[in-house]
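Residue strings, one per chain:
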Amino acid sequence: MSEFNVPDSELAAFFQSVGTTVVTWGLIEQCLDMCIAELYHNGGNSISKRIPQGLKQKIAFTRKCLQRLPQFEPFRILLSEFVDELEDLSQKRHDYIHSAISSYSHETSNITSYRIVNQGHRMVSEKVEFNPDHYPHLLRRLMGLFERGNNVTNIVQLFSESIQLRLLEELNYPAKPITVLLTGILKPPYYMSYWPHWPPWH
């Protein structure tokens, strides 16, 4: 038997899982944004005139950069694996964010939601089920992805700085890099380096 009346404990566990997903996803996507910034300013602007904004566009841009630009070969596998896992988990994130609670099963403890999906020429409703036994596994995947994103961002920035330094030396560019310390809940802290008016031919 299903009904909309969800017990407080089950609803609290569901809301906690949703909240954890939302907060952790923000950290994960920020790692992707940092990588994209480095890709874009080190050759990726030849692939796209603007830095991509939507998640699908970000993923597509990253993959094109890794496929077409040889300077990113040292971290191609690491960043590709991060993007692949991010894309896979994004579906679960979409289920949480874009579906509406419909019913609850006392027999299975499942919360059933429905998500409206645009298929181009029509809108369809997709059923999504959430079970509290699955929440810890999702959290482990999210935290693992954030850790991977944290690591790959540091590596991308490190190689990016070496690429920029080599180009600047070849161009005899006079300006010195500006280093910004990114503090907050990210550990270890990030150091983002960039050159004013980079690239110099713009």
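In this text the structure is predicted, and so the values were computed from the model without any measurement.

Two elements in contact, helix α2 (residues 55-68) and helix α3 (residues 76-98), have axes whose closest approach is 10 Å; the angle formed by their N-to-C orientations is 160 degrees. Classified by the angle between their axes, α2 and α3 sit roughly antiparallel to one another. Crossing geometry of α2 relative to α3 is assigned as left-handed. Each of Leu55, Ile59, Thr62, Arg63 and Leu66 in α2 lies in contact with α3, whose residues at this interface are Arg76, Leu79, Ser80, Val83, Asp84, Leu86, Glu87 and Ser90. Its residues placed into classes, the contact of α2 with α3 shows six nonpolar, three polar and four charged.

A few words on the pattern of salt bridges. Pairs can form between side chains of opposite charge whenever their charged atoms are close. Within this structure, the stated rule accounts for nine salt bridges. With a shortest N-O distance of 3.1 Å, Glu73 and Arg76 are connected by a salt bridge. A salt bridge links Lys127 to Glu129; the shortest N-O distance between them is 3.6 Å. On the basis of relative accessibility, which here comes to 53%, the residue Lys127 falls in the exposed class.

With their axes 10 Å apart at the nearest point, helix α1 (residues 8-40) and α2 run at an angle of 45 degrees to one another. In terms of their interaxial angle, α1 and α2 are classed as oblique. Seen from above, α1 lies across α2 with left-handed handedness. Touching Trp25, Glu29, Leu32, Asp33, Ile36, Leu39 and Tyr40 of α1 are Leu55, Lys58, Phe61, Thr62 and Cys65, all from α2. In terms of residue class, the contact of α1 with α2 is made up of eight nonpolar, one polar and three charged.

So, on to unusual backbone geometry. The residue Ser109 is not glycine, and still its phi comes out positive at about 65 degrees. Here Ser109 shows up in the loop between β2 (99-105) and β3 (111-118).

Of all residues in the chain, 77% have pLDDT values of 70 or greater, and the mean over the chain is 80. Below a pLDDT of 50 lies the segment residues 178-202, which in the model reaches 62 contacts outside its immediate sequence neighbourhood of four places, other chains included.

Here we take up the environment of Gly44. Tracing the sequence through the fold places Gly44 in the loop between α1 and α2. When the C-alpha positions of Gly44 and Lys64 are compared, they lie 8.6 Å apart, and in sequence the two are 20 residues distant. Residue contacts for Gly44: discarding those within four places in its chain leaves Leu39, Phe61, Cys65 and Leu69.

On to the packing of aromatic side chains. This model, assessed by the stated rule, comprises six aromatic pairs. Taking 5.9 Å as the distance between ring centres and 50 degrees as the angle between the ring planes, the aromatic pair formed by Phe14 and Tyr96 counts as tilted. Here the residue Phe14 occupies a position in helix α1, and Tyr96 occupies one in helix α3, the gap between them amounting to 82 residues. The buried category is assigned to Tyr96, whose relative accessible area is 7%.

Reading guide: rules and limits
- Residues numbered from 1 in each chain as written.
- Predicted model: local features only at pLDDT ≥ 70, side-chain atom pairs only at ≥ 80, totals over all residues.
- Heavy atoms only, no water.
- Axes fitted to C-alpha atoms, helices over the stretch in contact; angles between N-to-C directions.
- Helix = DSSP H or I, 4+ residues; strand = E, 2+ residues; numbered from the N terminus.
- Parallel < 35°, antiparallel > 145°, perpendicular 65-115°, else oblique.
- Left-handed = near helix turned anticlockwise from the far one by under 90°.
- Contact = heavy atoms within 4.5 Å.
- Nonpolar A, V, L, I, M, F, W, Y, C, P; charged D, E, K, R; others polar.
- Salt bridge = Lys/Arg side-chain N within 4 Å of Asp/Glu carboxyl O.
- Buried < 20%, exposed > 50% of the residue type's maximum accessible area, 1.4 Å probe, protein only.
- pLDDT = per-residue confidence, 0-100.
- Phe/Tyr/Trp six-rings, centres within 6.5 Å; stacked < 30°, edge-to-face > 60°.

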